[in-house]
Amino acid sequence: MTKCGKVEKLHSDGDRGDGSVKYVLTGEGAGTLFKIDEKSGDIHATKRLDREEKAYYILHAKAVNRFTNEALEGESEFIIKIHDINDNEPRFTKDPYMAGVPEMSDVGTSVIQVTATDADDATYGNSARVVYSILEGQPYFSVDAETGLIKTALPGMDREVKEHYQVVIQAKDMAGQMGGLSGTTTVSITLSDVNDNPPRFTKTLYEFRVAESNELGSAVGVIRAVDADIGQNAEMDYRIISSDGPGMFDITVNRSTQEGVILLRKPLDFEKKRQYSLRVQVENVHINPRFYSMGPFRDEASIKIVVEDVDEPPVFERPSYIMEVKEDTARNTVIGSVSASDPDDKHSLVRYTIDRRTDMDRVFNIHAGNGSVFIFRELDREENAWHNISVIATEFNNPRQTSRVPVYIRVLDVNDNAPTFATNYETFVCENAKANQRIQTVRAMDPDEPLGGHRFIFSLAPEAVGKANFSVRDNKDNTAWILTRRNSYSSLQKSIYHVPVVITDGEFPVQSSTNTLTIRVCTCDREGNMKLCNPEALTARAGLSTGALVAILLCVIILLMIVVLFAALRRQRKKEPLIISKEDVRDNVVSYNDEGGGEEDTQAFDISTLRNPEAIEESKQRRDIIPETFYPPVRRPVVPPVSRENNGDVRDFINQRLQDNDNDPTAPPYDSLATYAYEGNGSVAESLSSLESVTTEGDQDYNYLSEWGPRFKKLADMYGGDDSDS
C-alpha cells in the first residue's frame with residue numbers, strides 16, 4: 001500500500017525555466033490516480049495505492065510548447081511499480097472445517113489439512129510466508145506448521161468416551177515472527193465408530209410364562225443385549241445353543257431394535273411338560289479383526305420358560321372313526337363307539353352328542369356317557385351306502401369346551417331285494433311261428449350288490465307249466481330266451497298271452513319274483529316281420545301311456561277352469577245402458593233438426609200421431625230397454641186430443657204419461673226422465689205451433705197475417721192472397 005505524495009519528476013532538456021514548457025501525462029490512472037505539474041513536471045499520487053489490487057501502472061509523458069503545443073521531445077514511457085508492505089493477514093479457505101477420524105486410531109493418523117492464504121507479495125520479504133499452529137485441541141491433535149495437516153496426537157481415543165472435538169488452528173505471516181498478522185479457523189472433528197465393544201446381555205437369566213394354548217409361531221418372550229457401538233457395528237445375532245425341548249422354540253432378531261424374539265414352534269402341553277430351559281448366545285455380526293484382542297464379541301444367557309395350564313377341550317383317541325353295519329341290523333343295535341377324555345388334571349367327565357346337521361334324518365344316536373353309536377332308524381344300503389356324521393364331545397364342568405370327530409359309517413349289503421326284469425318288455429309272436437322259436441331275450445336287474453356278482457335263474461312259473469304255450473330257457477349268463485312251444489297261433493282264438501317268469505338270485509337268503517311278459521299275436525311275413533296285429537293288439541300298442549293320459553287330462557281340466565272363470569267374469573260385468581246419448585228418443589218424441597218446408601211440409605213425420613196418442617200401436621216396444629217377453633204390453637188409456645180451446649187436456653195428458661212410466665214394469669232399472677213441452681197461451685198472435693194445424697191445405701186461412709203489421713208483410717203477401725193469386 002503506497003501513500004499519497006510525490007511519485008516521480010519529469011524534466012526536459014529544453015526547459016529553460018521560463019514557463020514555456022508544458023508537461024503532459026497519459027496512460028493508466030493519468031488524471032485520476034496520478035497527476036503531473038505542468039510547469040515543474042512533478043508526478044503525484046492522488047489516492048492510496050494497493051498492490052493487491054494492481055501491482056504496476058504504465059504511463060506516458062511528453063513535453064510540449066505551451067504556446068504552440070508542439071512536442072519538444074519524443075514521448076517517454078515509464079512504469080510505476082507498487083512496492084508491497086505487510087498489510088494483509090492470512091485467511092483460511094473454510095471456516096469452520098468438518099472432519100472425522102475413526103476412534104482408536106494410531107498416533108499420527110491424518111485427520112484433515114487446513115489452508116490459509118496471504119494476499120501480500122510472496123516474492124517480497126516474509127509478508128506472505130504463513131506458518132500454522134494449534135491454539136485449542138491439545139493434547140488430542142497436532143498440526144504441521146508448514147502444511148497445515150492435522151493429525152491425531154493421543155492414542156486410544158474412544159468414541160464411547162468422547163465423540164466430538166473442537167480444534168482451533170492459527171495461521172501467521174512473517175514466518176511467525178513478531179509483528180506478523182494472523183488468522184484463525186475452527187475444525188470440528190468427530191470420532192467415527194468402530195466395533196470395539198462386544199454385546200452384553202442385561203440379565204444372566206430370563207424367565208417367561210406362556211399358556212399351553214398359544215398358537216404356533218407366536219412370541220413367547222423378548223431378550224435384549226446391549227452394545228456400546230452404533231450402526232452396523234451394533235448388529236447382533238441370537239441363537240439357541242442348548243435346550244431340553246429340541247425344536248420347541250426358535251429365536252429371531254428384530255433388526256430395528258436388535259432384540260431377540262423367542263417363537264413357539266411346537267404345541268405345548270402342560271400335562272406332559274411344564275417347564276423348559278434354554279441357553280442362548282448373542283454375537284456381533286460384523287467383527288473387526290483389529291480388535292480381536294478386546295473380545296470375545298459374544299455373550300450367553302439362560303432362559304426359563306414356564307408352561308401355564310389352560311382348560312382344554314376333550315381329545316378323541318382317533319382323528320376319525322370308520323364303522324360298518326349291515327343294512328338289516330335291528331334298531332338300537334350298537335355299531336361302534338368313540339372315546340374322548342379331558343387332557344387337564346381335573347379329568348372332567350365328557351358328554352357325547354351327534355351334530356344333527358350331519359344326521360338330519362336321525363338315523364343314528366349315541367350314548368351320552370360312553371360314546372356308543374347305535375342305530376335309531378332302519379337302514380337301506382340301496383338308498384344310502386355311506387353315512388358321514390360328526391360326534392361332539394363336551395366337558396360337563398365347562399360346556400364351552402367342545403371338540404368333534406368325523407365318523408364314517410358304511411352300510412353293508414344284505415340280499416333283501418328280489419330281481420326283476422331289466423326293462424318293460426313288449427313282444428309279439430307271429431301266427432305262423434314254429435315250435436321252439438325264440439321270440440324274446442330277457443334280462444334281470446337287482447339293486448343288491450353281492451360280493452361275487454349277480455347270478456340270476458330264470459324259469460316258468462309252476463302254475464303255468466302244464467298249460468304253457470311258451471317256454472323259458474335259462475342261458476346261465478343272467479339272460480333267458482322266451483321260446484314258442486307249438487307251430488302256430490291264431491289271433492282270433494287268443495290275441496294276447498301272459499307268460500309268468502320267475503327270476504331267482506343266487507344269494508342268501510334267496511330272493512325271487514314273478515314277472516309277467518305280455519306277448520301279442522300278430523300277422524307276419526315269411527321273414528317274421530310284423531305286418532298286422534288284431535284290433536286289440538293294435539289298440540294296446542297304439543294306446544297312450546299312463547303319463548300321457550294324465551297330462552292330457554290335466555290340460556282338459558285347466559281349459560275347463562279357464563272357461564268357467566271367464567264366464568263368471570262376464571256375468572259380473574255391469575250391463576251398459578242401451579241409451580247412452582242425450583238425443584235418444586223417449587216416448588216417441590222425435591228430435592227433428594232439418595229446416596224443412598214450413599208447416600206445409602207434412603212428409604217429415606206423422607203429425608197426427610202427436611195429436612192423437614191413441615193412434616200408437618199397442619204392441620210397439622220401447623226402444624231404450626231390452627225387450628222382455630215375460631210381461632204383457634201395458635195398455636195405455638185413451639187420452640183425448642189436445643186443442644187450443646182446452647188447455648187442461650194437456651195437463652191431464654202429462655199426468656197420465658207420468659203415471660204410465662211409474663207403473664210400467666218393463667221400464668229400465670235406472671231413472672228415466674220424459675220431457676213434455678207446452679207452449680201455453682197469452683200470445684197476441686196465439687199459437688204458431690204446427691201441432692194444432694189442420695192436416696189439409698184447404699182448411700188453412702192466412703188472411704190474419706196482414707193484421708200483424710209491416711214485419712209480417714212478406715208472409716202476408718205469400719200466404720194471405722186467395723188461390724187464384726197463388
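Residues numbered from 1 in each chain as written. Predicted model: local features only at pLDDT ≥ 70, side-chain atom pairs only at ≥ 80, totals over all residues. Heavy atoms only, no water.

1. Observations concerning the pattern of salt bridges
So, step 1. For the structure shown, the criterion picks out 20 salt bridges.
So, step 2. We note a salt bridge from arginine 255 to aspartate 237, for which the minimum N-O separation is 2.7 Å. With a gap of 18 residues between them, arginine 255 in the loop between β20 (249-254) and β21 (259-264) and aspartate 237 in strand β19 (residues 236-243) connect regions that are remote in the sequence.
So, step 3. Connected through shared salt-bridge partners, Arg159, Glu160, Glu163 and Asp193 make up one network. (Salt bridge = Lys/Arg side-chain N within 4 Å of Asp/Glu carboxyl O. Helix = DSSP H or I, 4+ residues; strand = E, 2+ residues; numbered from the N terminus.)

2. Things to note about the UniProt feature "transmembrane region" (unreviewed entry) in the protein
So, step 1. In this structure's numbering, the residues bearing the UniProt feature "transmembrane region" (unreviewed entry) are residues 548-569.
So, step 2. Annotated as residues 548-569, this span is 100% helix and 0% strand, and its ends, taken at the C-alpha atoms, are 32 Å apart. (UniProt positions renumbered as here; feature names shortened; annotations may be inferred.)

3. Some points on a nonpolar patch on the surface
So, step 1. On the surface, Val550, Leu553, Leu554, Ile557 and Met561 cluster together into a nonpolar patch covering about 480 Å² of accessible area.
So, step 2. Judged by relative accessible area, leucine 554 falls into the partly exposed class, the value being 49%. (Patch = residues over 30% accessible without salt bridge, like charges linked within 9 Å, V, L, I, M, F, W, Y side chains within 5 Å. Areas by Shrake-Rupley, 256 points an atom, 1.4 Å probe, with all protein chains shown as cover. Buried < 20%, exposed > 50% of the residue type's maximum accessible area, 1.4 Å probe, protein only.)

4. Description of the packing of aromatic side chains
So, step 1. Using the criterion set out here, one finds ten aromatic pairs in the structure.
So, step 2. The interplanar angle of 85 degrees and the centroid separation of 5.3 Å between the aromatic rings of phenylalanine 421 and tyrosine 425 together place this pair among those described as edge-to-face.
So, step 3. Residue tyrosine 425 is classed as buried on the basis of its relative accessible area, which comes to 12%.
So, step 4. Their ring planes at 75 degrees and their centres at 5.8 Å tell us that tyrosine 489 and tyrosine 497 sit as a pair that is edge-to-face. Both residues of the pair, tyrosine 489 and tyrosine 497, belong to the buried class.
So, step 5. Three or more aromatic residues link up through ring pairs in this structure, and these residues are Tyr140, Phe141 and Tyr165.
So, step 6. Over the ring of tyrosine 276 we find lysine 273; its NZ or CZ atom is 5.2 Å from the centre of that ring.
So, step 7. Arginine 438 extends its terminal NZ or CZ atom over the ring of tryptophan 481, reaching a point 4.5 Å from the ring centre. (Phe/Tyr/Trp six-rings, centres within 6.5 Å; stacked < 30°, edge-to-face > 60°. Lys NZ or Arg CZ within 6 Å of the ring centre and 35° of its normal.)

5. Notes on the state of the cysteines
Cysteine pairs can be linked by a disulfide, which is a covalent bond between their two sulfur atoms.
So, step 1. Counted by the stated rule, this structure contains two disulfides.
So, step 2. At a sulfur-sulfur separation of 2.0 Å, the disulfide partner of cysteine 430 is cysteine 524. Taking the sign of the S-S torsion, about -85 degrees here, the bridge from cysteine 430 to cysteine 524 comes out left-handed. With cysteine 430 in strand β34 (residues 426-430) and cysteine 524 in strand β40 (residues 512-524), this residue pair connects regions lying 94 residues apart in the sequence. Pair check on accessibility: cysteine 430 and cysteine 524 agree, each one buried.
So, step 3. Take the cysteines of the protein that form disulfides and number them in order along the sequence; they join up as 1-3, 2-4. (Disulfide = S-S within 2.5 Å.)

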